[in-house]
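# Inside the fold
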Amino acid sequence: MEHVQWARDLARRLLEEPLPRRWAHSQGVAEQAESLRAITGQDADLLTAAAWLHDIGYSPALVKTGFHPLDGARYLRDVEQADERLCSLVAHHSCALIEADERGLADELSREFALQPKELRQALIYCDMTTGPDGGHLPVEGRLAEIKKRYGPADVVFRFIERAEPDLLDAVHTIEQQQANRPT
Ligand SMILES: [Fe+2]
């Protein structure tokens, strides 16, 4: 839990003032991670910390390459000396490797950060892809449509979402199924 509080405080420090919308989004993503505690078990704190921190790479203080998963993960690794699994979850959040490929950064990303187990990556996708830009929750289909609309067809993010869509949908539906099946 200490880990989670540290992650929340760090995300707040980096996002709240310069990027209030990203901060609102991050709070909503962390809320979703908390809601998955029953299925994430011993990794619940790790997932929640990653949810708080997944978008810190957008903070103006951190921008280096302009690719936020890589900038955020490098900051966590090099400045915060954060847990390796946490850095990797941030680096690869929401199919970042596909966007890295669009940006010519796939080799760098996979050389520096190992992929974490699929269950954890899918749980983080669920949290991010069911939370809108203002922190409210919505179905994944609406979230994907919102991202594509916000960026527009000429943007690299639009192309990334088109390529990643099957994996993102599969991840969210898998987690929803697990939640529905869990014993009450
Ligand atoms: Fe996000």
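This text follows the structure it describes.
What you are looking at is a predicted structure, and each value in this text was computed from that prediction instead of being measured. (Residues numbered from 1 in each chain as written. Predicted model: local features only at pLDDT ≥ 70, side-chain atom pairs only at ≥ 80, totals over all residues. Heavy atoms only, no water.)

## Brief notes about the layout of surface pockets
- Roughly 280 Å³ of internal volume is contained in the largest pocket.
- What lines the largest pocket is a set of 17 residues, among which Cys95, Leu115, Arg121, Ile125 and Asp167 lie closest to the centre.
- Of all the secondary structure elements, the ones that give two or more residues to the lining of the largest pocket are helix H7 (96–102), helix H9 (118–129) and helix H11 (156–181).
- By residue number, the principal contributor to the lining of the largest pocket is H9, which donates 5 residues.
- Partitioning the lining of the largest pocket into residue classes produces 9 nonpolar, 4 polar and 4 charged. (1 Å grid on protein atoms, 1.4 Å probe; cavity = no way out; pocket = protein on both sides within 12 Å on 5 of 7 lines; lining within 4 Å. Points joined across faces, edges and corners; volume = space filled by probe spheres on them. Helix = DSSP H or I, 4+ residues; strand = E, 2+ residues; numbered from the N terminus. Nonpolar A, V, L, I, M, F, W, Y, C, P; charged D, E, K, R; others polar.)

## Considering the coordination of the iron ion
- The iron ion binds to the protein through His25 (NE2), His54 (NE2), Asp55 (OD) and Asp128 (OD); the donor distances cover 2.2 to 2.7 Å.
- Bound by 4 donor atoms, the iron ion shows angles of 80 to 170 degrees at the metal and therefore irregular coordination geometry.
- Assessed through its relative accessible area of 0%, histidine 54 is described here as buried.
- With relative accessibility at 3%, the residue aspartate 55 sits in the buried group. (Donors = N, O, S within 2.8 Å, 3.2 Å for Na, K, Ca; no water. Tetrahedral: all angles 85-135°; square planar, octahedral: opposite > 155°, others 65-115°. Buried < 20%, exposed > 50% of the residue type's maximum accessible area, 1.4 Å probe, protein only.)

## Some thoughts on the pattern of salt bridges
- What the rule picks out here adds up to 21 salt bridges.
- Across the pair arginine 159 and glutamate 102 runs a salt bridge, and its minimum N-O distance is 3.1 Å. With arginine 159 in helix H11 and glutamate 102 in helix H7, the pair connects residues that are 57 residues apart, well separated along the chain.
- On the accessibility criterion, arginine 159 (38% relative accessible area) is partly exposed. (Salt bridge = Lys/Arg side-chain N within 4 Å of Asp/Glu carboxyl O.)

## Here's the deal with the packing of aromatic side chains
- With the rule as written, the count across this model stands at 1 aromatic pair.
- Directly above the ring of tyrosine 58 sits arginine 22, whose terminal nitrogen or CZ lies 3.7 Å from the centroid.
- Against the face of phenylalanine 158 rests lysine 148, its NZ or CZ located 5.8 Å from the ring centre. (Phe/Tyr/Trp six-rings, centres within 6.5 Å; stacked < 30°, edge-to-face > 60°. Lys NZ or Arg CZ within 6 Å of the ring centre and 35° of its normal.)

## Thoughts on the nonpolar core
- By size, the foremost hydrophobic cluster in this structure holds 58 residues, and its most contacted members are Leu53 and Ile56.
- Leave out the neighbours within four places in its chain, and isoleucine 56 touches Ala11, Leu14, Leu15, Leu62, Gly72, Tyr75 and Leu76. (Core = buried A, V, L, I, M, F, W, Y, C linked by side-chain atoms within 4.5 Å. Contact = heavy atoms within 4.5 Å.)

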